[in-house]
Amino acid sequence: MIQVAVLGYGTVGSGVVEVIEKNKEEINKKSGEQLNIKYILDLRDFPGDPYEDKVVHDVDQILNDPEIKIICETMGGLKPAYDFTRRALLAGKSVCTSNKELVAVHGPELIRVAHDNKCNYLFEASVGGGIPIIRPLNYSLTAEKIDAITGILNGTTNYILSKMEKEGADFEEVLKEAQEKGYAERNPEADVEGYDACRKIAILSSLMTGKNVKYDDIYTEGITRITSTDFIYAHAMGKTIKLLAQSKEVDDNFYAMVAPFMISKSHPLYMVNDVFNAVCVHGNMLGDSMYYGKGAGKLPTASAVVSDVVDCARHIGKVIMCFWDDEDVALTGIEEAKRSFFVRVSSDRERKAIDVFESLRVIEADVPGEFAFVTDVMSEKEFNKKAEEVGIISRIRIEE
């Protein structure tokens, strides 16, 4: 029997316990061993909870118990999660986590500590909730040179954009509704400003390169400036607007960014709506592959944590290879990235826009007082210079 501990009995932690208990027969069969939750760490008591007898308040009770072989870290945040995780790995206990912030900041260090102590640090649930994406990158696509990853990696922003599109509503109105339904936090900054998606693409980019992509080096732009008028234009163009997180290797340059993009109906992410997430991976031999599902939520995320628990149970005393070194990747500034842009200007700027941008495609839509167009492909640096000269209302990048 393999003894397991859960650190944090909140939404995901309670989900982990539920998944292990409800699917015990399947999980034990696939693990090749019986799994038992021995401890649940939390500051609170849970009177009346079916597992209240397993709740403890002192992490040392878990870390000093030689029977504990696998720990599920579902606390979130950096402290005390980092200290508890590192101590567990130093003690030879494998750790499975849903903590994207911790993985993005300390991933390579914790992987190294785990391997030095013949245990594992697994983090399938840190990106895309229940969508299997970490394991495919580490195992299934090992014959590939991955040169691009593009994803919708935040369910809250995707829900907001989907509702704005369907209902013709503005951002603030839909955000309030999302908060009332529990799809958005009371403080939604991490989601709507793109920070959550940024941490996730940093993790995927690190696995793509085998080196460390620092999330604070990634250009990040959220959805707060997207309006219902933008969707009027998008419909006129046969497109939609999505918050994309992407990393690409082009001519020995490595770009990573998070920003809203217009995408056409032929794009594989066009039909990813509401709280769903999806990730497109491009390999030099395979071409495109796509991974789709629920990117958040109690049970989808918990299911991903437990899939790592099963992997650890199969590899007690053995290292599961994960290539993510400490060496930092030097990101190329997005100023050099080339693409076309959708642009809105006031009607009195039409002549100026035509003179400055020269070759452009006019977009006809029922929006009074505005002139809208799509530029030729150009660098971000060139576009910013021209946009400043013209004086624009807004711009949205176009992903072909």
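Conventions we followed
Residues numbered from 1 in each chain as written. Predicted model: local features only at pLDDT ≥ 70, side-chain atom pairs only at ≥ 80, totals over all residues. Heavy atoms only, no water. Helix = DSSP H or I, 4+ residues; strand = E, 2+ residues; numbered from the N terminus. Rg over C-alpha atoms; globule rule 2.2 N^0.38 Å. Buried < 20%, exposed > 50% of the residue type's maximum accessible area, 1.4 Å probe, protein only. Contact = heavy atoms within 4.5 Å. Areas by Shrake-Rupley, 256 points an atom, 1.4 Å probe, with all protein chains shown as cover. Arc of directions from axis to C-beta. Core = buried A, V, L, I, M, F, W, Y, C linked by side-chain atoms within 4.5 Å. Phe/Tyr/Trp six-rings, centres within 6.5 Å; stacked < 30°, edge-to-face > 60°.

So, about the overall build of the protein chain. Of the regular secondary structure elements, the protein chain holds 14 helices and 17 strands. In terms of overall dimensions, the protein chain is globule-like: its C-alpha atoms have a radius of gyration of 23 Å, near the 21 Å expected for 400 residues. Along the longest, intermediate and shortest principal axes, the C-alpha atoms of the protein chain span 75 × 45 × 35 Å. Among the 400 residues that make up the protein chain, the fraction classed as buried is 56%. Look at the contacts in the protein chain between residues 6 or more apart in sequence, and 73% of them connect residues 24 or more apart. Summed over all atoms, the accessible surface of the protein chain reaches about 17,800 Å², with 47% contributed by carbon and sulfur.

The complete set of buried residues in helix α4 (residues 81-90) reads A81, Y82, F84, T85, A88 and L89. Projected down its long axis, α4 carries its buried residues within an arc of 165°, all on one side. Of the residues flanking the end of α4, it is G92, one or two places downstream, whose phi is positive at about 80°.

Attention shifts here to the nonpolar core. Counting residues in hydrophobic clusters, the biggest one holds 82 residues, and the most contacted among them are Y121, F123, I160, L204 and F342. With eight residues, the single largest contributor to this core is helix α10 (residues 195-209). Aside from chain neighbours lying at most four places away, what touches Y121 is T85, L89, V95, T97, L102, V103, L110, I111 and A114. Membership of the second largest hydrophobic core comes to 29 residues, among which are Y9, V16, V19 and L35.

The final tally for this structure, using the stated rule, is nine aromatic pairs. Judged by centre distance (4.0 Å) and plane angle (10°), the rings of F341 and F383 are stacked. Pair noted here: F341 is in strand β13 (residues 338-346) and F383 is in helix α14 (residues 380-390), with a separation of 42 residues, a long-range link. For F341, a relative accessible area of 0% translates into the label buried. Here F357 and F373 contribute two aromatic rings whose centre-to-centre distance is 5.2 Å and whose plane-to-plane angle is 55°, an arrangement assigned as tilted. With F357 in helix α13 (residues 350-357) and F373 in strand β15 (residues 370-375), the pair connects residues that are 16 residues apart, well separated along the chain. With respect to burial, F357 and F373 carry one shared label: buried. Site record: aromatic cluster; members linked through ring pairs are F341, F357, F371, F373 and F383.

Keep in mind these numbers describe shape, not what the thing actually does.
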